[in-house]
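Single-letter residue listing:
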Amino acid sequence: MGNLEEKIMELVTILVIQFILIVVGYLITQLLNITNKIESIGLSYLFGSSLITILFLINHFLFKVSLGPENFLISVVSSIIVMYLLLLYNKKAFSVSFSPKYFLNRLNDLNCLERMFITIIVLIVGYTLSENYFWPITDWDAIALYDFRAKVISIQGNMLEGTRLGYFFQYPPYTSFLHVFGYIFDTSRVKIVYSFIYLSFLLVFYTLLRRKQPRFISILGVLFLSLNTQILTHATMAYTNLSYVSYISIVLIYLTFWLYEKKRQDLIIGMILIAMSTWVRATDPFWYLGLLILFIGMFKNKKDIKYIITLFIITIFTYKFWDIYLKTLPNPTIRSASRESLYLELLFNKTIFSKLSNIPEVLLYFYNNVIVNIKYLLPLSIFTVYYDFKENNKLNLYFYILFVISLLIIVLGIFVFSLFYETWNLIGDSLQRLSMVIIPIFIFIIFNSSVWKEDVFKNK
Amino acid sequence: MYLKINKSTSILLLLSLLLIAINSIVELLSSLSFESYIFLRSAVAVLIIFYLEKVKYKFKSYINIFLVLFIILFLFNFFLNIIDIYHLNNYKIISNICKSNNYLCELIPILFYKFKLFRFITLSSVFFSFPILIIIFSQSEFKKIDIIKSKKVKKVFIFLISAIIFSSIALGLQKVYLSTIQTLQVLNQNFDDRFTYKKGGTSYYGWIRVYSNFVINNTNEKSNILIPPQSDLYKMEGNKAYFRWFLYPRNLFHLGEYNMDEIDFFILSPGECNDGNCVWPDFEIEKEKIKEVITIDRESQEVFKVQSDNFNPEDYKNKWGLIKLY
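Now for a description of the structure that goes with this document. (Residues numbered from 1 in each chain as written. Chains lettered and ligands numbered in written order. Predicted model: local features only at pLDDT ≥ 70, side-chain atom pairs only at ≥ 80, totals over all residues. Heavy atoms only, no water.)

1. Some details on the interface of chain B and chain A
Okay, step 1: Taken together, the contacts link 45 residues of chain B with 57 residues of chain A.
Okay, step 2: Seen at the junction of chain B and chain A, the total is 1 salt bridge.
Okay, step 3: Across the pair A:Glu131 and B:Lys198 runs a salt bridge, and its minimum N-O distance is 2.4 Å.
Okay, step 4: In this assembly, chain B and chain A are joined by 14 residue pairs in polar contact (both at pLDDT 80 or more). (Contact = heavy atoms within 4.5 Å. Salt bridge = Lys/Arg side-chain N within 4 Å of Asp/Glu carboxyl O. Polar contact = N/O pair within 3.5 Å; in protein donor to acceptor, adjacent residues only side chain to side chain.)

Structure representation (structure tokens):
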């Protein structure tokens, strides 16, 4: 019986922690005036989890509060108070009522097929919850880095031990801190956070699709995304890739919407999420793509320039924060894995032209590790391209450009890597994980296409 | 050229037969890659759903009976997978029943093997989920997506996307099915020890958990432990960044990284060498330095302690353990 009580307590604890993160994030969504409840709930976990993990380190760094339960509580309480005061100051009435009636009414409104698709999505999310709750971490990189440092931090209350242990500071600590939040409250079932990230991702993806598409197509798109083998696999793995993909693909979609529709709220959400994506994985190059959209958008939406500059500063601070913290640690040689120096070196590298012979091999490597994973979507894209051009679906045309640039970034990245590392073609797994970002964008393009806009799928 | 509606019944029949053939032949002979045959089945299944709408025969009213039948078979298959059918005597209830009905208990295994019922257990969830999905989809709004009447180009698009979605759902449900079976097998196990099951058991990578528990039980938290070199031969126990997760806060070192006088333990590991005839440390250690050698049998997990002589690698080939130093 005691054992059962312990298990129930453990379940309650880990769920309460996630709930707290959602509450914090929800307040942010209210500050941003996000009225769509599904979007608001979806963004809540992404906002809340990254804000609290950043504050967790700020409290430790600036106020020397150990990385333990007190710090977590201080971060949560202070952020809730600040946001509540900001809401009062801005005289924003925010709704905290989640009446089951509201959601039941929406469910009653669905047709049989939509209900069936939603049931399958719920089943799949339930599967990730069960898999993450009942099974310990078994994935190599999580054992070697992400979860290991969480264990060390939860025991030591700081990261100093990492300087001695080595292979500790290579990535920002977002997911590790989410694990720490579980460990410091005596629960080992920390992998459950990935189900929350996965669910949040699906919810936001739905609301973004729903902007231009009927409900049925949007649900179908989410079903398609939720069942993608790579995305689903990562929803039950303690890696940073799913989190990164969730943040960055949503960023790119929000910012493209901003570029197209000039809605300031999209810009703000997109830029906050860019900052947060660099807190998950600072080394992956896709956030530059977000910056490129901002740069182009600046000329189109001149009224937003002051917002762009402010948010850009916040982004750079978040991007650099981890490096700044590392510089204060006793061992000055510790650095996160930055590729900026690599890019700079490339610019001044005279041997680049002599290595152009690598290109065929680079392209083959790109096909085997990137294209192969989206191969099943390619026949569909023939139809979407045809209809989008025919119907002049401008928004999707923007997404095509975004998608092609993403592919070019990956090819360029492989090429750059091939210049400097002899073992460049031996880490296909890593490349597959990195290029997962293009999957949600591709799926978004397919389901946001004009190919659906006919009487074939009549729906609300 | 489209097929006329009055031919629908024969086409449907043909497609159904094709599906049954694919289900039976491919499932039993494994002649295609998993993803390919799932897609092939999905494509046929989608066509069946579309054509089923065109058929107006009495059997449609019996379709729910088929649905119930398949669900029952699916649940029965699931049930047989979660119980250990080959060791039923391990269950108290069954052993009690067998005491009073010995004849019955002997008859069941005979019938089980004679009629190859084990084939039923090995059927994948896809075998059942396909007919169930076809019936459910054919009764939903899915039938309103009129592939026959839609435009030429869209016809292909709708067919392709439906087949992909169908196969994705089947694969997703397969994951849920397997995960549920696995989860039910380990519910009574210690949370951390479930690692072993997930990583293929003690004869595979899951061994590292059991071995780590052995090391933890025989060392204290401040121990300095010398581990094998990092190589393919010692993938886990030789990889400091990996092995430390299991043993932290114990300190792990490779040879040459630390003052040998302060090392408390050596990991004793045969690694993964092909002839099964290796061991690390691959050098001799004088008996004056050794307090004891503790070994663990990989199969039985029995622990043996030896107040050692000189450590000679030849005597410890293919053995796992720890060398405790003075």
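2. Some details on the environment of B:Ala43
Residues and elements named next belong to chain B.
Okay, step 1: Within the fold, Ala43 resides in helix 2 (residues 34–52).
Okay, step 2: On the basis of relative accessibility, which here comes to 13%, the residue Ala43 falls in the buried class.
Okay, step 3: Sequence-wise, Ala43 and Asn89 are 46 residues apart; in three dimensions their C-alpha atoms are separated by 44 Å.
Okay, step 4: Once residues within four sequence positions are removed from consideration, Ala43 is found in contact with Phe159 and Ala163. (Helix = DSSP H or I, 4+ residues; strand = E, 2+ residues; numbered from the N terminus. Buried < 20%, exposed > 50% of the residue type's maximum accessible area, 1.4 Å probe, protein only.)

3. Describing the packing of aromatic side chains
Residue and element names in this part refer to chain A.
Okay, step 1: Per the counting criterion, the structure on display carries 67 aromatic pairs over all chains.
Okay, step 2: Aromatic side chains Phe224 and Tyr376 sit 6.2 Å apart centroid to centroid with 20° between the ring planes, which places their arrangement in the stacked category. Placement of the pair is Phe224 in helix 10 (residues 215–226) and Tyr376 in the loop between helix 17 (359–374) and helix 18 (378–390), with a sequence separation of 152 residues.
Okay, step 3: Assessed through its relative accessible area of 3%, Phe224 is described here as buried.
Okay, step 4: Judged by its relative accessible area of 29%, Tyr376 falls in the partly exposed class. (Phe/Tyr/Trp six-rings, centres within 6.5 Å; stacked < 30°, edge-to-face > 60°.)

4. Comments concerning the state of the cysteines
In a disulfide, the sulfur atoms of two cysteines are covalently bonded to one another.
All names here are of chain B.
Okay, step 1: The tally for this structure, following the rule as stated, stands at 1 disulfide over all chains.
Okay, step 2: For Cys273, the disulfide goes to Cys278, at an S-S distance of 2.0 Å. Between Cys273 and Cys278 the disulfide shows an S-S torsion of about 115°. By sign, it is right-handed. Residues Cys273 and Cys278 agree in their burial class; the two are buried. (Disulfide = S-S within 2.5 Å.)

5. Looking at the sheet that holds strand 3 (residues 265–268) of chain B
All names here are of chain B.
Okay, step 1: Taken in spatial order, the 6 strands of this open sheet run 2-1-3-6-4-5, and their pairing is mixed. Two strands bound the open sheet, and with one partner strand each, they are strand 2 (251–253) and strand 5 (303–306). Direction aside, neighbouring strands of the sheet carry axes that sit 25° apart on average.
Okay, step 2: Examined bridge by bridge, strand 4 (residues 290–296) and strand 6 (residues 320–325) share 6 bridges and lie antiparallel to one another. Within strand 6, the position partnered with Ile290 by the bridge is Leu325. (Pairing = 2+ DSSP bridges. Axes fitted to C-alpha atoms, helices over the stretch in contact; angles between N-to-C directions.)

6. Observations concerning the side chain of A:Thr138
Okay, step 1: Take A:Thr138: it is sitting in the loop between helix 5 (112–134) and helix 6 (140–156).
Okay, step 2: For A:Thr138, a relative accessible area of 8% corresponds to the buried category.
Okay, step 3: The contacts of A:Thr138, once residues within four sequence positions are left out, are A:Ile143, B:Phe195, B:Lys198 and B:Lys199.

7. Focus on the packing of helix 18 of chain A against helix 19 (residues 394–420) of chain A
The packing of two helices is summarised by the inter-axis angle and the distance between the axes.
All names here are of chain A.
Okay, step 1: It is the contact of helix 18 with helix 19, at a shortest axis distance of 9 Å, that shows an interaxial angle of 135°. Compared by their axis directions, helix 18 and helix 19 come out oblique. Considering the relative orientation of helix 18 and helix 19, their crossing is left-handed. Across the interface between the two elements, Thr384, Val385, Asp388 and Phe389 of helix 18 pack against Asn396, Leu397 and Tyr400 of helix 19.
Okay, step 2: Of the residues that constitute the contact of helix 18 with helix 19, the class distribution is 4 nonpolar, 2 polar and 1 charged. (Parallel < 35°, antiparallel > 145°, perpendicular 65-115°, else oblique. Left-handed = near helix turned anticlockwise from the far one by under 90°. Nonpolar A, V, L, I, M, F, W, Y, C, P; charged D, E, K, R; others polar.)

8. Topic: the pattern of salt bridges
Residues and elements named next belong to chain A.
Okay, step 1: Evaluated as defined, the whole model comprises 15 salt bridges over all chains.
Okay, step 2: The salt bridge involving Arg189 is made with Glu10; its shortest N-O contact spans 3.4 Å. Placement of Arg189 in the loop between helix 8 (174–183) and helix 9 (193–210) and of Glu10 in helix 1 (residues 2–31) is noted, with a sequence separation of 179 residues between them.
Okay, step 3: Under the relative-accessibility criterion, Arg189 is labelled buried at 5%.
Okay, step 4: Close ionic contact of Lys212 with Glu261 constitutes a salt bridge, the shortest N to O distance being 2.6 Å. Of this pair, Lys212 sits in the loop between helix 9 and helix 10 while Glu261 sits in helix 12 (residues 241–261), and the two are 49 residues apart along the sequence.
Okay, step 5: Judged by its relative accessible area of 30%, Glu261 is partly exposed.
Okay, step 6: A cluster of three or more residues bridged by salt bridges with shared partners is formed by Glu39, Arg211 and Asp266.

9. Notes on a nonpolar patch on the surface
Residue and element names in this part refer to chain A.
Okay, step 1: Taken together, the side chains of Val77, Ile81, Tyr84, Leu85 and Leu88 present a nonpolar region at the surface, about 480 Å² in accessible area.
Okay, step 2: Inspection of the secondary structure puts Tyr84 in helix 3 (residues 69–89).
Okay, step 3: Taking relative accessible area as the criterion, Tyr84 reaches 41% and is therefore assigned partly exposed. (Patch = residues over 30% accessible without salt bridge, like charges linked within 9 Å, V, L, I, M, F, W, Y side chains within 5 Å. Areas by Shrake-Rupley, 256 points an atom, 1.4 Å probe, with all protein chains shown as cover.)

10. Considering the packing of helix 7 (residues 125–139) of chain B against helix 8 (residues 152–186) of chain B
Residues and elements named next belong to chain B.
Okay, step 1: Running from N to C, helix 7 and helix 8 cross one another at 130°; their axes reach a closest spacing of 10 Å. One element, helix 7, and the other, helix 8, form an angle in the oblique class. Here helix 7 runs over helix 8; the crossing is right-handed. Facing helix 7, whose interface residues are Ser125, Val126, Ser129, Phe130, Leu133, Ile134 and Phe137, helix 8 presents Phe166, Ile169, Ala170, Leu173, Gln174 and Tyr177.
Okay, step 2: For the contact of helix 7 with helix 8, the per-class residue count stands at 10 nonpolar, 3 polar and no charged.

11. Considerations on a positive patch on the surface
Okay, step 1: A cluster of basic residues, A:Lys262, A:Lys300, A:Lys303 and A:Lys394, forms a positive patch on the protein surface.
Okay, step 2: Owing to a relative accessible area of 72%, A:Lys303 belongs among the exposed residues under this scheme. (Lys, Arg positive; Asp, Glu negative; His and termini not counted. Charge placed at Lys NZ, Arg CZ, Asp CG, Glu CD.)

12. Notes on the nonpolar core
Note on soluble globular proteins: their nonpolar side chains tend to be buried together.
Okay, step 1: Among the nonpolar cores identified, the biggest contains 214 residues, and A:Met159, A:Phe177, A:Phe181, A:Leu273, A:Phe447 and B:Ile169 are the most heavily contacted of them.
Okay, step 2: Among the elements that take part in this core, helix 12 of chain A stands out by supplying 14 residues, more than any other.
Okay, step 3: Membership of the second largest hydrophobic core comes to 16 residues, among which are B:Ile63, B:Phe112, B:Ile132 and B:Tyr177. (Core = buried A, V, L, I, M, F, W, Y, C linked by side-chain atoms within 4.5 Å.)

13. Describing the environment of A:Asp388
Residue and element names in this part refer to chain A.
Okay, step 1: One can find Asp388 in helix 18.
Okay, step 2: Sequence-distant contacts of Asp388, defined by excluding residues within four places in its chain, comprise Asn393, Asn396, Leu397, Tyr400, Ser449 and Ser450.
Okay, step 3: In this structure the side chain of Asp388 is engaged in a polar contact, spanning 2.6 Å, whose partner is the side chain of Tyr400.

14. Thoughts on helix 7 of chain B
Residue and element names in this part refer to chain B.
Okay, step 1: End to end, helix 7 covers 21 Å across 15 residues, agreeing with the expected 21 Å (1.5 Å per residue, within 8%).
Okay, step 2: Summarising burial for helix 7: 12 of the 15 residues are buried, a large majority.
Okay, step 3: Buried within helix 7 are the following residues: Ser125, Val126, Phe128, Ser129, Phe130, Pro131, Ile132, Leu133, Ile134, Ile135, Phe137 and Ser138. (Expected span 1.5 Å × (residues − 1).)

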